[in-house]
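Observations on chain architecture
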Amino acid sequence: MASRDKVGCSSAPLPLDRVLAALVASAEQLGRRWEAAARVRFGKAAGAAGVGKAEGKGEVIKMHTPLFYATCALGGVLSTGLTHLAVTPLDLVKCNMQVDPGKYRDIPSAFGVMFHEQGPRGFFKGWMATLVGYSCQGACKFGFYEFFKKCYSDIAGPENAERLRTLIYLAASASAEVIADVALCPMESVKIRVQTQPGFARCLIDGLPKIVQSEGAFGLYKGLLPLWGRQVPYTMMKFACFETIVEMVYKHAVPKPKDQCSKPLQLAVSFAGGYIAGVFCAAISHPADNLVSFLNNAHGATVADAVRTLGMWGLFMRGLPLRIIMVGTLTGAQWAAYDAFKVFVGLPTSGGVVRSCAAAAASSLRQEGHGKQN
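Residues numbered from 1 in each chain as written. Predicted model: local features only at pLDDT ≥ 70, side-chain atom pairs only at ≥ 80, totals over all residues. Heavy atoms only, no water.

**Some details on the nonpolar core**
Side chains of a nonpolar character, in soluble globular proteins, are inclined to be buried together. Ranked by size, the top nonpolar core spans 27 residues in total, and within it Ile 61, Phe 68, Tyr 145, Tyr 250 and Trp 335 carry the most contacts. Looking at this core element by element, the count peaks at seven residues for helix H11 (residues 224-253). Apart from the residues lying within four places of it in its own chain, the contact partners of Tyr 145 are Cys 140, Tyr 169, Ala 172, Ser 173, Ala 176, Phe 239 and Glu 243. Core analysis: the second largest hydrophobic core is formed by nine residues, Val 194, Phe 200, Ala 201 and Ile 211 among them. (Core = buried A, V, L, I, M, F, W, Y, C linked by side-chain atoms within 4.5 Å. Buried < 20%, exposed > 50% of the residue type's maximum accessible area, 1.4 Å probe, protein only. Helix = DSSP H or I, 4+ residues; strand = E, 2+ residues; numbered from the N terminus. Contact = heavy atoms within 4.5 Å.)

Right, here's the structure in full:
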């Protein structure tokens, strides 16, 4: 017992207590910073306007701090949750085309059948599960992406971070998405069943308990592996392509450096880069998307059953044109909304910096070493 007191096991608070206390403190600090940013942006006080000129250059929220990562997570909630909610009708039609191609043969007929059977309100079935699930996913995806990108850049070191930046983008986005899908999977299971099984449930509130009662808690994660197979390649493509495309736009298409461009132009570049990246995302992740829809709709089915039923052509092509339209628009809107929120709180927009902080540090070290040699 003495040894336990010596190391402080009996008197020190639990790690969970410290984590919760840190989260509360960070939330309070975050609220104060956002309030200051709002006063600066809208000029609610004359004194705050003068302070805002000094803080508007990035002093409101310092980069790579817990406050910064929390801000990115909130930006992910707003961008991902709201954009997925907006395209719920497209997602609903896509899922039904994947599950019942005989009834929903193509995009126009699918919209017509659904409108005839369910009316306008039917196009927003599963909206609550969509909003909650993709808000949680967006928070983890964007927040952890920024965290892992900094972490892996530090591991690579100043000399290698710039040269290996694409690999860092891929590794950071994959790590973030693995965590994000654990948060998304239960909501995705409910959403697909509400949308594709008439009479299963009205929404998330009655659909979630129904799955737990019939299949247990693990029934909510039946589609986790296919979800990882869909979302991890999707997110790797989403972030790496976006970063590369935006960097190329600022390097070859825009006649001046990014920090000299207007904010509307930067947000337009973010939307264009996100839309192009979304087209690639849709193509690479579509087979797994078909598997997720099939497995969550067919009780007790396996991946082999899905492949036999859908066939290779159906696995790769069923619903692909609609998904390209949906995912391209969705990804472009997400990046634009995410960067608009970052601009609002005083942070720079994403991507487009050819020389990273690590490269600048490496250059400074080389110059210092050269000076010492001289």
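**Points about the packing of helix H7 (residues 127-156) against helix H9 (residues 165-196)**
For any two helices packed against each other, one specifies the inter-axial angle together with the distance between the axes. Axis separation between H7 and H9 bottoms out at 6 Å; the angle between their running directions is 170 degrees. By the angle class used here, H7 and H9 are roughly antiparallel. For the contact of H7 with H9, the class distribution of residues is 21 nonpolar, seven polar and six charged. (Axes fitted to C-alpha atoms, helices over the stretch in contact; angles between N-to-C directions. Parallel < 35°, antiparallel > 145°, perpendicular 65-115°, else oblique. Nonpolar A, V, L, I, M, F, W, Y, C, P; charged D, E, K, R; others polar.)

**Some remarks on the packing of aromatic side chains**
Counted according to the given criterion, the structure contains 14 aromatic pairs. Seen from their ring centres, Tyr 145 and Phe 239 are 4.1 Å apart, and the 35 degrees between their planes marks the pair as tilted. Highlighted residues: Tyr 145 in helix H7 and Phe 239 in helix H11, separated in sequence by 94 residues. Here Tyr 145 matches Phe 239 in class, with each residue buried. Ring centres of Phe 148 and Tyr 152 lie 5.7 Å apart, and the angle between their planes is 25 degrees; this geometry places the pair in the stacked category. One end of the pair is Phe 148 and the other is Tyr 152, both in helix H7 and four residues apart, which spans about a single turn. Grouped by ring-pair contacts, the aromatic residues Phe 68, Tyr 69, Phe 144, Phe 147, Phe 148 and Tyr 152 constitute a single cluster. Taking NZ or CZ as reference, Lys 210 lies 5.1 Å from the ring centre of Phe 200, over its face. (Phe/Tyr/Trp six-rings, centres within 6.5 Å; stacked < 30°, edge-to-face > 60°. Lys NZ or Arg CZ within 6 Å of the ring centre and 35° of its normal.)

In short, geometric facts, not functional conclusions.
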